[in-house]
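Listed here are the chains, written in short residue letters.
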Protein chains: 2
Amino acid sequence: MAAWGDRLAGVRGVLLDISGVLYDSGEGGGRPIAGSVDAVARLKRSGLKVRFCTNESQKSRGRLVGELRGLGFDVSEAEVTSPPPAARRLLQERGLRPHLLVHDEVRSEFDHIDTSNPNCVLIGDAGDHFSYRNLNRAFQVLMGLADPVLLSLGSGRYYKQSSGLMLDVGCYMKALEYACGIQAEVVGKPSPEFFRSALRELGVEAHQAVMVGDDIVGDVGGAQRCGMRALQVRTGKFRPSDEQHPEVKADGYVDNLAEAVDLLLRHADQ
Amino acid sequence: MAAWGDRLAGVRGVLLDISGVLYDSGEGGGRPIAGSVDAVARLKRSGLKVRFCTNESQKSRGRLVGELRGLGFDVSEAEVTSPPPAARRLLQERGLRPHLLVHDEVRSEFDHIDTSNPNCVLIGDAGDHFSYRNLNRAFQVLMGLADPVLLSLGSGRYYKQSSGLMLDVGCYMKALEYACGIQAEVVGKPSPEFFRSALRELGVEAHQAVMVGDDIVGDVGGAQRCGMRALQVRTGKFRPSDEQHPEVKADGYVDNLAEAVDLLLRHADQ
């Protein structure tokens, strides 16, 4: 592999995944990953542009940012790109009236969206709301549509909470895809449109940006397909087999965000 | 298409799917499909061999047969091939200790199976037991295994209850496959091994048997891959688009079991 200096040359902006990179979510607000609070602070003091890019769809941005700030992270709502606002724009642009299968807390993000007589289904990481009854209701809505549209806030397989690995929305997306014989539209990583909107908000070109995430497919593969570089951290949902993934090879593997920031501060443009 | 006489020539045995062919399940035991009680009786009075082949994994065979008899069907437990006994044999042969995610009523079929320190996960049509918590527990067991084994009692997408379409076990199988990056082993239709055991119990060769079902993939496609002929009924989960299925073409489409039996009594060997 090329030296870090070559791999990080020309980087001017950094997109940070949140869950598994900054912290592991969980009861009582979760816990920060060692070194990450300080790493974010150092990155923001540098000349590099920084933005947070998450598929979090179980909490509102307000609650997420509140929890992170409670753990000591320097982050504000305006710095976070997350699926619900992107989905809201998409629904409005296409005149879609969703049947919502989302966590109660995220429902408020769709307060001003018409949900009467639904012509699509939108699912997020609904957690305990993914009951048989609720999933079946979403299925029945889709089967009642001549041209069923399923929007999914992310396609993640699982994430890591402090209590263990947890099924993510992608699994329920797959269940509905199979049930209805359809393909969902993903709003969130690894959708290229979602990465491009994060890049616009970050204010740098793809070739000047690096994504740091714990998901080899959703973070690393997705960012690379958009022309960005991407580092995988060995925290969160990282598994050693990720480093031999058959389709995705990160531009670098680092033990944690602290190491990624050490390297960025040494080798990236500032 | 060839005349019915040619299509049914040499048929000596009939496998009947239950849900969607005999009856639509539902609250209070479900309701029979018009003409099916009489059709089963006529078939059993004929010289044709008859057996029931179901993926039912939400009820014990005893309860299922009790409900069917209550609706007027002439059927006994010994005439029914269903996934739980086949799964029990497979677990014993391979020394597998399952974590069970099945309906309470089916749990008793595994009473004498060691479920301590599980080395596989077995899922059935668990209905309301498919909570986020229960599915996540099954996921965590699989992720904790060096060589994860997932057994699924069927791979159906959905079935029809009198109250509407209901998600079947296949959707949850797909969710776990995606979450863990694995492939489940299906015990039940359309597994060839399952059809072959039904044929052995029916006592005829594959080329002498016809399957009658409402599922174009699980019943019709599965039976045909085993060398049987197969008719699809336009009841239960049948949808008009099934008659233009891209991969599976039934040997005949009939309005209901009554029409299938009319044709069989006229054209099959007896």
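Thresholds applied
Residues numbered from 1 in each chain as written. Chains lettered and ligands numbered in written order. Predicted model: local features only at pLDDT ≥ 70, side-chain atom pairs only at ≥ 80, totals over all residues. Heavy atoms only, no water. UniProt positions renumbered as here; feature names shortened; annotations may be inferred. Contact = heavy atoms within 4.5 Å. Buried area = accessible area lost by both parts, 1.4 Å probe. Helix = DSSP H or I, 4+ residues; strand = E, 2+ residues; numbered from the N terminus. Buried < 20%, exposed > 50% of the residue type's maximum accessible area, 1.4 Å probe, protein only. Pairing = 2+ DSSP bridges. Axes fitted to C-alpha atoms, helices over the stretch in contact; angles between N-to-C directions. Phe/Tyr/Trp six-rings, centres within 6.5 Å; stacked < 30°, edge-to-face > 60°. Lys NZ or Arg CZ within 6 Å of the ring centre and 35° of its normal. Salt bridge = Lys/Arg side-chain N within 4 Å of Asp/Glu carboxyl O. Least-squares fit on C-alpha atoms with pLDDT ≥ 70 in both. Parallel < 35°, antiparallel > 145°, perpendicular 65-115°, else oblique. Left-handed = near helix turned anticlockwise from the far one by under 90°. Nonpolar A, V, L, I, M, F, W, Y, C, P; charged D, E, K, R; others polar.

Under an unreviewed UniProt entry, chain A has the name Phospholysine phosphohistidine inorganic pyrophosphate phosphatase and belongs to Pipistrellus nathusii. Chain A has a UniProt comment under Catalytic activity (unreviewed entry) that states "diphosphate + H2O = 2 phosphate + H(+)".

(A) Region of interest: the interface of chain B and chain A. With 30 residues of chain B at the interface, the matching set in chain A holds 30 residues. A buried area of about 2,700 Å², summed over both sides, lies between chain B and chain A, and 63% of it is on carbon and sulfur atoms. Interface area lost by chain B to chain A is led by Tyr-132, Leu-167 and Tyr-178 of chain B, which between them contribute 31%. Elements with a contribution of two residues or more to the side of chain B that touches chain A: helix H6 (132–143), strand S9 (158–161), strand S10 (164–167) and helix H7 (169–180) of chain B.

(B) Quick peek at the environment of Gly-252 of chain B. All names here are of chain B. Tracing the backbone through its elements, the reader meets Gly-252 in strand S14 (residues 252–254). Gly-252 gets classed as buried once you look at its relative accessible area, which sits at 0%. Separated by 23 residues in the primary sequence, Gly-252 and Arg-229 place their C-alpha atoms 9.0 Å from one another. For Gly-252, the residues in contact, after removing those within four places along its chain, are Met-1, Trp-4, Arg-7, Ala-230, Leu-231 and Gln-232.

(C) Structural context of the side chain of Gln-208 of chain A. Residue and element names in this part refer to chain A. Of note, Gln-208 is situated in the loop between helix H8 (192–202) and strand S12 (209–213). Overall, Gln-208 belongs to the buried group, its relative accessible area being 15%. Other than its neighbours up to four places away in sequence, Gln-208 contacts Gly-10, Val-11, Arg-12, Gly-13 and Arg-229.

(D) Representation of the sheet that holds strand S4 (residues 49–53) of chain B within the structure. Residue and element names in this part refer to chain B. Pairing in this open sheet of 6 strands is parallel, and the strands run S5-S4-S1-S12-S13-S14 from one edge to the other. Every interior strand has two partners, whereas the edge strands, strand S5 (80–81) and S14, have only one. In this sheet, S4 lies alongside strand S1 (residues 13–16) in parallel orientation, the contact comprising 4 bridges. In the strand pairing of S4, Val-14 is matched with Val-50. Of the strands in this sheet, S1, S4, S5 and strand S12 (209–213) touch helix H8 (residues 192–202), which is tilted by about 145° from S4. Contacting S12, strand S13 (229–233) and S14, helix H9 (residues 216–225) runs over the sheet at an angle of about 165° to S13.

(E) Region of interest: the packing of aromatic side chains. Inspection of every chain in the model, using the stated rule, returns 6 aromatic pairs over all chains. Taking 5.4 Å as the distance between ring centres and 45° as the angle between the ring planes, the aromatic pair formed by Phe-139 of chain A and Tyr-158 of chain B counts as tilted. Of this pair, Phe-139 of chain A sits in helix H6 (residues 132–143) while Tyr-158 of chain B sits in strand S9, which puts the two residues in different chains. Summarising the burial analysis for this pair, Phe-139 of chain A and Tyr-158 of chain B share the class buried. Each residue in the set Phe-130 and Tyr-172 of chain A together with Tyr-132 of chain B is aromatic and connected to the rest through ring pairs, giving one cluster. Between the NZ or CZ atom of Arg-7 of chain A and the centre of the ring of Trp-4 of chain A, over which it lies, the distance is 3.9 Å. We note Lys-237 of chain B situated over the ring of Tyr-158 of chain B; from NZ or CZ to the ring centre the distance is 6.0 Å.

(F) Geometry of the sheet that holds strand S11 (residues 185–186) of chain B. Residue and element names in this part refer to chain B. Strand order in the open sheet formed by 4 strands is S6-S7-S8-S11, with parallel pairing between adjacent strands. If you trace the sheet from one side to the other, it starts and ends with strand S6 (98–101) and S11, each paired once. Relative to strand S7 (residues 120–123), S6 runs parallel, the two sharing 4 bridges. The residue bridging Leu-101 from the neighbouring strand is Ile-123, located in S7. Packed on one face of the sheet, H6 meets S6, S7 and strand S8 (150–152) and runs near 160° to S6. Along the sheet, H7 contacts S7, S8 and S11; its crossing angle with S8, the most-contacted strand, is approximately 165°.

(G) Spotlight on the environment of Leu-48 of chain B. Structurally, Leu-48 of chain B can be placed in the loop between helix H2 (36–45) and S4. The spacing of Leu-48 of chain B and Val-220 of chain B is 172 residues in sequence and 20 Å in space, taken between C-alpha atoms.

(H) Region of the structure containing the pattern of salt bridges. All names here are of chain B. For the structure on display, the rule yields 38 salt bridges over all chains. Measuring nitrogen to oxygen at the nearest pair gives 3.4 Å for the salt bridge that ties Glu-193 to Arg-200. Judged by its relative accessible area of 56%, Arg-200 falls in the exposed class. A salt bridge links Arg-234 to Asp-255; the shortest N-O distance between them is 2.7 Å. Linking Arg-234 in the loop between S13 and S14 with Asp-255 in the loop between S14 and helix H10 (257–267), this pair joins segments that are 21 residues apart in sequence. The class for Arg-234 is partly exposed, based on a relative accessible area of 33%. Judged by its relative accessible area of 42%, Asp-255 is partly exposed.

(I) Up close: the relation of the copies chain B and chain A. Least-squares fitting of chain B to chain A yields an RMSD of 0.0 Å, with the superposition described by an axial translation of 0.1 Å and a rotation of 180°. Look at the turn and shift together and you get a two-fold axis relating the two. The fraction of interface residues of chain B whose copies in chain A are also interface residues reaches 100%, indicating that both copies meet through the same surface.

(J) Region of interest: the packing of H6 of chain A against helix H7 (residues 169–180) of chain A. All names here are of chain A. In the contact formed by H6 and H7, the axes pass within 10 Å of each other and the chain directions differ by 40°. Considering the angle they form, H6 stands oblique to H7. Here H6 and H7 pass one another in a crossing that is right-handed. Taken together, the residues of H7 that come into contact with H6 (itself represented by Leu-135, Ala-138, Phe-139, Leu-142 and Met-143) are Tyr-172, Ala-175, Leu-176, Ala-179 and Cys-180. Broken down by class, the residue content of the contact of H6 with H7 amounts to 10 nonpolar, no polar and no charged.

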